[in-house]
Amino acid sequence: MKKKTSIGKIFLYIILSTYALVTLIPFLWALSSSFKPLSEIVSGSINFIPQNFTLDNYRQIFIQQELFPRWMFNSIFIATVGTGLNVIFNSMAGYALARLAFPGKKALFIIILAVLMIPAQVTMVPNYLILREFGWLNSYQGMIVPSMINATFIFMMRQFFINFPKELEEAAAIDGLSRIGTFFRVVLPLAKPALAAQTIFVFMGFWNDFMRPLIIMTDSSMYTLPLGLNTFKGQFVSYWNYIMAASMVFTLPVLLIYAFFNKYFIKGLSLTGGK
Amino acid sequence: MNRKYSAKALKEAGQGYFFMSPTLFVLLLFILGPILYAIFLSFHDVRLLGETAYNFVGFSNYERVFEDQRASIAIWNTFKYVIIVVPCQTALAIFLAATLNAGLKGEKFFRIIYFLPTLTSSAVLTLIFMWMYNREGLVNFGLETLGLPTYNFMGDPNIALAAIMIMNIWATAPFFMVIYLAALQDIPDSLYEAAELDGAGPIRKFFSITLPHIKPITSFVVIMGIIGTFQLFDQSYIFSGGSGGPDNSTLTVVLLIYQYAFKTMDTMGYAAALAFILAIVILVGTLLQRKLSKEENLY
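As a convention, each chain's residues are numbered from 1 in the sequence order in which they are written. Chains and ligands are labelled sequentially in the order written, the chains with letters from A and the ligands with numbers from 1. The model is predicted, so local features are restricted to residues of pLDDT at least 70 and side-chain atom pairs to those at 80 or more, both for listing and for counting; the totals for chains, interfaces and linings are taken over all residues.

As named in an unreviewed UniProt entry, chain B is Sugar ABC transporter permease, taken from Jeotgalibacillus soli. UniProt positions are given in the numbering used here, feature names are shortened, and annotations may be inferred rather than shown by experiment. Listed under Subcellular location (unreviewed entry) in UniProt, the entry text for chain B is "Cell membrane". Annotation of chain B in UniProt includes, under Sequence similarities (unreviewed entry), the sentence "Belongs to the binding-protein-dependent transport system permease family."

Within an unreviewed UniProt entry, the label attached to chain A reads Sugar ABC transporter permease, and the organism entered is Jeotgalibacillus soli. UniProt annotates chain A under Subcellular location (unreviewed entry) with the comment "Cell membrane".

(A) Quick peek at the overall build of chain B. Scanning chain B from terminus to terminus reveals 13 helices and 2 strands. In terms of overall size, chain B is more extended than a compact globule, its C-alpha atoms giving a radius of gyration of 25 Å where 299 residues would be expected to give roughly 19 Å. Dimensions of chain B, computed from C-alpha atoms along their principal axes, come out at roughly 80 × 75 × 40 Å. Whether a residue is buried, exposed or partly exposed follows from its count of other C-beta atoms within 10 Å of its own C-beta, namely 20 or more, 12 or fewer, or something in between, respectively; the C-beta atoms are built from the backbone. Across the 299 residues of chain B, 39% fall into the buried class. C-beta atoms are first placed from the backbone for all residues, and any pair lying within 7 Å is then listed as a contact. Across chain B, contacts joining residues at least 24 apart in sequence account for 69% of those joining residues at least 6 apart. Labels follow the DSSP assignment, with helices taken as runs of H or I lasting at least four residues and strands as runs of E lasting at least two, numbered in each case from the N terminus. Only the C-alpha atoms count toward the radius of gyration. The rule for a globule is 2.2 Å times the residue count to the power 0.38.

(B) Structural detail: the interface of chain B and chain A. On the chain A side, the residues contacting the 69 residues of chain B number 74 residues. At 19 residues, helix 1 (residues 2-42) of chain B tops the list of elements feeding residues into the side of chain B that touches chain A.

(C) Region of interest: the UniProt feature "transmembrane region" (unreviewed entry) in chain B. Residue and element names in this part refer to chain B. Per the UniProt record, "transmembrane region" (unreviewed entry) is found at residues 16-40, 81-100, 112-133, 159-183, 214-233 and 268-288. For residues 16-40, helix accounts for 100% and strand for 0%, while the C-alpha atoms at its two ends are 32 Å apart. Secondary structure over residues 112-133 splits into 86% helix and 0% strand, and the C-alpha atoms at its two ends are 25 Å apart.

(D) Local environment of unusual backbone geometry. With omega at 0 degrees, the peptide bond leading from Gly245(B) into Pro246(B) counts as cis. Within the secondary structure, Pro246(B) sits in the loop between helix 11 (234-240) and helix 12 (253-263). Phi angles above zero are rare outside glycine, and Asn138(A) is one such case at about 55 degrees. Within the element layout of this structure, Asn138(A) appears in the loop between helix 6 (120-134) and helix 7 (140-144).

(E) Expanded view of the packing of helix 8 (residues 189-197) of chain B against helix 9 (residues 202-213) of chain B. All names here are of chain B. Axis separation between helix 8 and helix 9 bottoms out at 11 Å; the angle between their running directions is 140 degrees. Taken together, the axes of helix 8 and helix 9 lie oblique to each other. Read as a crossing pair, helix 8 and helix 9 show a hand that is right-handed. Here Leu191, Tyr192 and Ala195 of helix 8 come into contact with helix 9, specifically with Lys205, Ser208 and Ile209. In terms of residue class, the contact of helix 8 with helix 9 is built from 4 nonpolar, 1 polar and 1 charged. Axis lines are fitted through C-alpha atoms, for helices just across the contact stretch, and the angle between N-to-C directions can take any value from 0 to 180 degrees. The cut-offs work like this: below 35 degrees is roughly parallel, past 145 is roughly antiparallel, 65 to 115 is roughly perpendicular, and the gaps in between are oblique. Two helices cross in a left-handed way if the nearer one is turned anticlockwise from the farther one by less than a right angle. They cross in a right-handed way if the turn is clockwise. Residues are grouped as follows: nonpolar covers Ala, Val, Leu, Ile, Met, Phe, Trp, Tyr, Cys and Pro; charged covers Asp, Glu, Lys and Arg; every other residue, Gly included, is treated as polar.

(F) Focus on the UniProt feature "transmembrane region" (unreviewed entry) in chain A. Per the UniProt record, the feature "transmembrane region" (unreviewed entry) sits at residues 12-31, 76-98, 107-131, 143-161, 182-207 and 239-261 of chain A. Across residues 182-207 of chain A, the secondary structure splits into 96% helix and 0% strand, with the terminal C-alpha atoms separated by 32 Å.

(G) Up close: the domain arrangement of chain A. Residues and elements named next belong to chain A. For the domains described, the bounds stem from an automatic or database domain assignment. As assigned here, chain A comprises domain 1 (6-59) and domain 2 (64-272). When each unit is reduced to the centre of its C-alpha atoms, the spacing between domain 1 and domain 2 is 33 Å. Listing elements by their share of the side of domain 1 that touches domain 2, those giving two or more residues are helix 1 (6-34), helix 2 (38-42) and helix 3 (56-64). The element best represented in the side of domain 1 that touches domain 2 is helix 1, accounting for 4 residues. Taken together, the residues that form the side of domain 1 that touches domain 2 break down as 7 nonpolar, 3 polar and 1 charged.

(H) Geometry of the UniProt feature "domain: ABC transmembrane type-1" (unreviewed entry) in chain A. When the UniProt feature table is mapped onto this chain numbering, "domain: ABC transmembrane type-1" (unreviewed entry) sits at residues 72-261 of chain A. Summarising residues 72-261 of chain A: 79% helix, 0% strand, and an end-to-end C-alpha distance of 22 Å.

(I) Region of interest: the nonpolar core. A set of buried Ala, Val, Leu, Ile, Met, Phe, Trp, Tyr and Cys residues, joined to one another through C-beta atoms within 7 Å, is what we call a nonpolar core. By size, the foremost hydrophobic cluster in this structure holds 149 residues, and its most contacted members are Val125(A), Met177(B), Tyr180(B), Ile257(B), Ala271(B), Leu274(B) and Ala275(B). Element by element, the count of residues in this core is highest for helix 7 (residues 160-184) of chain B, at 15 residues. For this core, the two domains that each supply at least three residues are domain 1 (6-59) and domain 2 (64-272) of chain A. Apart from the residues within four sequence positions on either side, Leu274(B) is in contact with Val65(B), Ala71(B), Val253(B), Leu256(B), Ile257(B) and Tyr260(B).

(J) Molecular detail of the UniProt feature "domain: ABC transmembrane type-1" (unreviewed entry) in chain B. According to UniProt, the feature "domain: ABC transmembrane type-1" (unreviewed entry) maps to residues 75-289 of chain B in the numbering used here. The distance from the first to the last C-alpha atom of residues 75-289 of chain B is 19 Å, and the span holds 74% helix and 0% strand.

(K) How the structure looks around the confidence of the model for chain B. The quantity known as pLDDT measures the predictor's confidence residue by residue, on a range of 0 to 100. Confidence along chain B averages 90 in pLDDT terms, with 96% of residues attaining 70 or more. Our summary of model confidence lists the complex with pTM equal to 0.90 and ipTM equal to 0.88.

Below is the structure:
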């Protein structure tokens, strides 16, 4: 494979760079627009480097839409708590399915696999009615509790724990740790790579979710960022400088998390990738 | 002895249920219960105002699909979307993965850039593309520079869905690319070396070695693609402000379900029926794909 001719190599680099540009241009364009004053936006001039560079849009979005910090808080709160619960509960379930014997285990496992196949739209309407009955519309628990487990990651964690060395748990048991103590003090800390992969995917799922908050959160102070952004767009239809600034603010946290967990990301993908 | 054993088994079962308890709770209350509830709803006329009232209507919610003009538009749009987007994004993902896997320097750098769309939320991506698709936006500027015709991407019913397709192929392909990359790295170099000795060029190698080897992954990617594309919602909702316009051209099945469930009165039962039809279509699509890829293996 290494014996590539240099012409072939150049050709490959051209392809890679072209596609890198195709990927980057929308982001660069959005970033550049977020630093332009409105006058430059409406003039229709196409320039990636702002003629009148300004940070004002980033200030204005917080002034024009005073709910912005609130939306950000809602998003961070729901995503963080939801992810934390998912990581613990999915791992517990995966562990039980991999290691413990209890009646109904096989049936439960099959049900969890079946749930993977059912599109969310089927449960969307009844879940709305159930949450309404509980008085959980416009609440954090309405967003978090129904999603505090995830069949995909229960399955992933089960696969992970099946290959997990038993000796460690046996040693912990000899040291007098209970099963639950062993799980939290010995098993979970050693499952870090799997937990990290799970964390990224579940966090992204909560953070980027549009449909569920759209249904559950009708009070604008309870919006999450994607919903808020959509509303914001409706209010400032041609203020693309504001909309792009808001979009950039919203994208940053996920990029940071990705940078932090990057190396686990690919691993996690091959874990979920059904390999 | 026997008693002691059963006490131990009992303890383990208790621990098992303890570990499963959060999952069981959500499974029963928010997944299995709602599925049964959804079946119930789909056979009823649901009134939410005042006292919630259910009126048994048999199969009429399901029959209504055939008379509903908007339903047939939504199904047709979704179908077009799936048929075009799934092959394109899969092919692009394979192409990118194969190029990245050629052992060039800077692979990591390109990989990080390519992954950006996967990390960005659909809401943000849609807004960025709407800004680029603007009448006097970046895309039209590019087309004009190249001497090509410009389009009213968001206002022209013939173009709007295609605009969403392009955006989503661009946004989803890198995710599948990463899955392919892992698989490509598992193909032994010796196979390629042997093929080179036999005088196979890069294209021949790609079709005779790479493609057959990643077939199971392709099957997985296509199934994931089918499931994902059938559920298109965020992008068309944001693109059209929730209406599915212009002229119903971005109306998808899920958007229609949403509208019937939450925007029009007394059509919740019908929405539930539509959701079941969608679930069955997705299931059939998935099974069909599985069957097709198995048959290909026979050659």
